[in-house]
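Fold and contact review
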Protein chains: 2
Amino acid sequence: MKLIESPSELHATLSGVSSVGLVPTMGYLHDGHASLIRRARIENEVVVVSVFVNPLQFGRGEDLGRYPRDLPHDLRVAQDAGAHVLFTPSVETMYPVGFATRVEVTGPGDGFEGASRPGHFSGVATVVLKLLNLVKPARAYFGEKDWQQLAVVRRVTTDLNLDVDIVACPTMREPSGLALSSRNAYLTAEQRERASVLASALRAAQKAYRRGERRSAAILDAARLVLLSEREFTLDYLSLVDEHLGEFERVTNPASARLLIAGRLFGVRLIDNMPLVEEVSALGGRT
Amino acid sequence: MKLIESPSELHATLSGVSSVGLVPTMGYLHDGHASLIRRARIENEVVVVSVFVNPLQFGRGEDLGRYPRDLPHDLRVAQDAGAHVLFTPSVETMYPVGFATRVEVTGPGDGFEGASRPGHFSGVATVVLKLLNLVKPARAYFGEKDWQQLAVVRRVTTDLNLDVDIVACPTMREPSGLALSSRNAYLTAEQRERASVLASALRAAQKAYRRGERRSAAILDAARLVLLSEREFTLDYLSLVDEHLGEFERVTNPASARLLIAGRLFGVRLIDNMPLVEEVSALGGRT
């Protein structure tokens, strides 16, 4: 595997390659990232993993300064999962003096993370567009963990006529249910165990639906009841949305309904999401 | 020459072409556009001229509804100048229901047209990015007539890492000096003659510099004096700027100094610009 910092070296390395798969990350790679890389490896001749902690997508007072970084670890994880290139551009390369362009997204970018983190999705959209233009992949891989981000990236690439497939990959979880996230590094082992309350809450909502509940409010109440068990948790939002991230009162299209949750636990902001109805395979026969 | 409306037909037509030159226009083609097409024809295997009156770059109360259109005329001009494809996407194709992305540009997009026409450059940047992604040209051609637009397009393509050469082509003028513009169609022949006052004013500023004046204010006063001769003209801005569109008090870098002007005449908004110092060839030996 090659470690590449400069766009020109990247360009030279990728010239003549028939299909590139891009896995854009902010580093501190975990099994979720590894699953994206493995999928990209199957579907493309060459896999590029970008590691770039993008200052544009952090708000003032957010965790840009302390965001976890470990390049040797990232090299190992990326290599083991089958990546060919680890692309690690500097902030100066990505945002040189005079940089003046931002990609703004309304629609799927409004509400939820967009409301809680002003400018966040503009930062995401801008850096993703830059990375797509630098790498020119046939496919780019994103985790479902950041569900709204996925919707934003799909919207931007469609709206701006980019010739790339956006591939969504399922969220990876700890045995407790906690969704894997680089930010879990902020938590102790015991705190991570307790952070599984987000996933447990969403599971409770799924169960309410399976038991016949069709009113959104009542389905979400089932999740809220679980959240009450963790006094340290502060809820930011908990919602049931359709494929356009629109809320609704009653479930009429369960196949596209998604549960979203965000909040703070032990000073760390955590998000998670699940389909209202799990596919059979993911349930391991529990239906 | 082929007339193409759909992105998929465009894609099929351009597949396997070694180099495409794009000339993005809002139609109602004139000799200025023809000069871009001829230049593109020399430098590329295939030349695509896009004709799209982009609603996103018109402000409320601007002339979107009455912007001149004449497709048969555009077909003739493009064909005569050597274009291979006239790409005429519909508004619904470019901005389908749910479209939610805007490219915003500060820096060169601030001030002048950016101040007079809020949202204008965001509209320009967004549509240019879409067209560049649809056509994937090696080179895209823009007239110097829209000087600030050129700076904005360069900024956006650099900032977003697009692999395209932005080629600037000199402004074409009527014998009176009036810069060619599709909006000149709003003027009668006599009004067009009087509209040459913008170019005359800029020429007077150039002359003041040639005579030794180095203070911006005094150079611009020479232009203002000429503008006084046309009582119907309302000045929007008149400025002397550097390559970053920054104003300055004294000329220290004449090679990159540019005169910008905008205003209204007979209800029509007109813009023009010239270098402070004309290149020798353009002056026809007048230095």
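This is a predicted model, so every value here is computed, not measured.

**Brief notes about the pattern of salt bridges**
This structure, assessed with the given rule, holds 30 salt bridges over all chains. Across the salt bridge formed by Lys136 of chain A and Asp163 of chain B, the nearest N and O atoms sit 3.5 Å from each other. Of this pair, Lys136 of chain A sits in the loop between helix H6 (120-135) and strand E6 (139-143) while Asp163 of chain B sits in the loop between helix H7 (147-159) and strand E7 (165-169), placing the two residues on different chains. Given a relative accessible area of 44%, Lys136 of chain A falls into the partly exposed group. When the shortest N-O distance is used, the salt bridge between Glu278 of chain B and Arg203 of chain B registers 2.7 Å.

**What about the packing of aromatic side chains?**
Within the structure shown, the criterion is met by eight aromatic pairs over all chains. Judged by centre distance (5.7 Å) and plane angle (80°), the rings of Phe58 of chain B and Tyr67 of chain B are edge-to-face. Accessibility expressed as a relative area gives 7% for Tyr67 of chain B, which makes it buried. For the pair Phe112 of chain B and Tyr237 of chain B, a centre-to-centre distance of 5.1 Å together with 65° between the ring planes defines the contact as edge-to-face. Of this pair, Phe112 of chain B sits in the loop between strand E5 (101-105) and helix H5 (113-116) while Tyr237 of chain B sits in strand E8 (residues 234-241), and the two are 125 residues apart along the sequence. Take Phe112 of chain B and Tyr237 of chain B: they sit in the same class, and that class is buried. These aromatic residues form a ring-pair network of at least three members: Phe52, Tyr95 and Phe99 of chain A. One cation-aromatic arrangement involves Arg258 of chain A over Trp147 of chain A; the distance from NZ or CZ to the ring centre is 3.6 Å.

**Details of the relation of the copies chain A and chain B**
Mapping chain A onto chain B calls for a rotation angle of 180° and an axial translation of 0.0 Å; the resulting RMSD is 0.0 Å. In the structure described here, the two chain copies are related by an operation that fits a two-fold rotation axis. Closest approach to the rotation axis among the C-alpha atoms of chain A is made by Val103 of chain A, whose C-alpha sits 2.3 Å away. Taken together, the interface assignments show that 100% of the residues at the interface of chain A recur at the interface of chain B, consistent with an identical surface on both copies.

**Brief notes about helix H3 (residues 71-81) of chain A**
All names here are of chain A. Those residues of H3 lying buried are Asp74, Val77, Ala78 and Ala81. When H3 is viewed along its axis, its buried side chains cluster within an angular range of 95° and face the same direction. Exposed positions of H3 whose direction lies more than 90 degrees from the buried face are Pro72, Arg76 and Asp80. Close packing links the buried residues of H3 with helix H2 (31-43), strand E3 (46-51) and strand E4 (85-87). The N-capping residue of H3, defined by a side-chain oxygen 3.1 Å from the backbone nitrogen of His73, is Asp70. Positioned one or two residues after H3, Gly82 has a phi angle of 105°, which is positive.

**Quick word on unusual backbone geometry**
Excluding glycine, a negative phi dihedral is what most residues carry, and trans is how most peptide bonds are arranged. Residue and element names in this part refer to chain A. Even without a glycine there, the phi angle at Tyr28 is positive, about 55°. On the secondary structure map, Tyr28 appears in the loop between strand E2 (20-25) and H2. With a relative accessible area of 27%, Tyr28 lands in the partly exposed category.

**What about the sheet that holds strand E9 (residues 258-265) of chain B?**
Residues and elements named next belong to chain B. On the basis of which strands lie adjacent, the open sheet formed by three strands has the order E8-E9-E10 and antiparallel pairing. Of all the strands in the sheet, just E8 and strand E10 (268-275) have a single pairing partner and so form its edges. Put simply, the sheet's adjacent strands are angled 10° from each other on average, direction ignored. One ladder, built from seven bridges, connects E8 with E9; its direction is antiparallel. What sits directly across from Leu240, in E9, is Leu259. The strands that helix H9 (residues 197-210) touches are E8, E9 and E10; relative to E10, the one it contacts most, it runs at about 25°.

**Examining the interface of chain A and chain B**
Note: interface size is frequently given as the accessible area lost on complex formation between the parts. Opposite the 26 residues of chain A that make contact, chain B presents 26 residues. Summing both sides of the interface, chain A and chain B together bury roughly 2,000 Å²; the carbon and sulfur share of this comes to 49%. At the boundary of chain A and chain B, one finds two salt bridges. Where chain A packs against chain B, one counts 18 residue pairs in polar contact (both at pLDDT 80 or more). Secondary structure elements with two or more residues in the side of chain A that touches chain B: strand E5 (101-105), H6 and helix H7 (147-159) of chain A. Across the side of chain A that touches chain B, the residue classes tally to eleven nonpolar, eight polar and seven charged.

**A closer look at the domain arrangement of chain A**
All names here are of chain A. Under the domain assignment used here, chain A contains domain 1 (2-169) and domain 2 (182-283). Spacing between the C-alpha centres of domain 1 and domain 2 amounts to 26 Å. Contacts between the two partners involve 20 residues from domain 1 and, on the opposite side, 17 residues from domain 2. Per-residue buried area on domain 1 facing domain 2 is highest for Phe112, Glu113 and Trp147; these three make up 39% of the total on that side. Counting across the domain 1 and domain 2 interface gives three salt bridges. Between Glu144 and Arg258 there is a salt bridge; the shortest N-O distance is 3.4 Å. Counting across the domain 1 and domain 2 interface gives ten residue pairs in polar contact (both at pLDDT 80 or more). Among the elements of the structure, helix H5 (113-116) and H7 are those that each provide at least two residues to the side of domain 1 that touches domain 2. Residue contributions to the side of domain 1 that touches domain 2 peak at three residues, all from H7. For the side of domain 1 that touches domain 2, the per-class residue count stands at eight nonpolar, five polar and seven charged.

**Looking at the sheet that holds strand E2 (residues 20-25) of chain B**
Residue and element names in this part refer to chain B. Strand order in the open sheet made by the six strands is E1-E4-E3-E2-E6-E7, with parallel pairing throughout. For this open sheet the edge positions go to strand E1 (2-4) and E7, each flanked by a neighbour on one side alone. Geometrically, the sheet is characterised by an average inter-axis angle of 25° between neighbouring strands, direction not taken into account. Judged from the three bridges that link them, strand E3 (residues 46-51) and strand E4 (residues 85-87) form a sheet pairing that is parallel. Across the sheet, the residue bridging to Val49 is Leu86, located in E4. Strands E2, E3, strand E6 (139-143) and E7 of the sheet are contacted by helix H2 (residues 31-43), whose axis makes an angle of about 155° with E6. Strands in contact with helix H3 (residues 71-81) are E1, E3 and E4; relative to E4, the strand with the most contacts, it is inclined by about 145°.

Cut-offs used in this document
- Residues numbered from 1 in each chain as written.
- Chains lettered and ligands numbered in written order.
- Predicted model: local features only at pLDDT ≥ 70, side-chain atom pairs only at ≥ 80, totals over all residues.
- Heavy atoms only, no water.
- Salt bridge = Lys/Arg side-chain N within 4 Å of Asp/Glu carboxyl O.
- Helix = DSSP H or I, 4+ residues; strand = E, 2+ residues; numbered from the N terminus.
- Buried < 20%, exposed > 50% of the residue type's maximum accessible area, 1.4 Å probe, protein only.
- Phe/Tyr/Trp six-rings, centres within 6.5 Å; stacked < 30°, edge-to-face > 60°.
- Lys NZ or Arg CZ within 6 Å of the ring centre and 35° of its normal.
- Least-squares fit on C-alpha atoms with pLDDT ≥ 70 in both.
- Contact = heavy atoms within 4.5 Å.
- Arc of directions from axis to C-beta.
- Polar contact = N/O pair within 3.5 Å; in protein donor to acceptor, adjacent residues only side chain to side chain.
- Pairing = 2+ DSSP bridges.
- Axes fitted to C-alpha atoms, helices over the stretch in contact; angles between N-to-C directions.
- Buried area = accessible area lost by both parts, 1.4 Å probe.
- Nonpolar A, V, L, I, M, F, W, Y, C, P; charged D, E, K, R; others polar.
- Domains from an automatic or database assignment.

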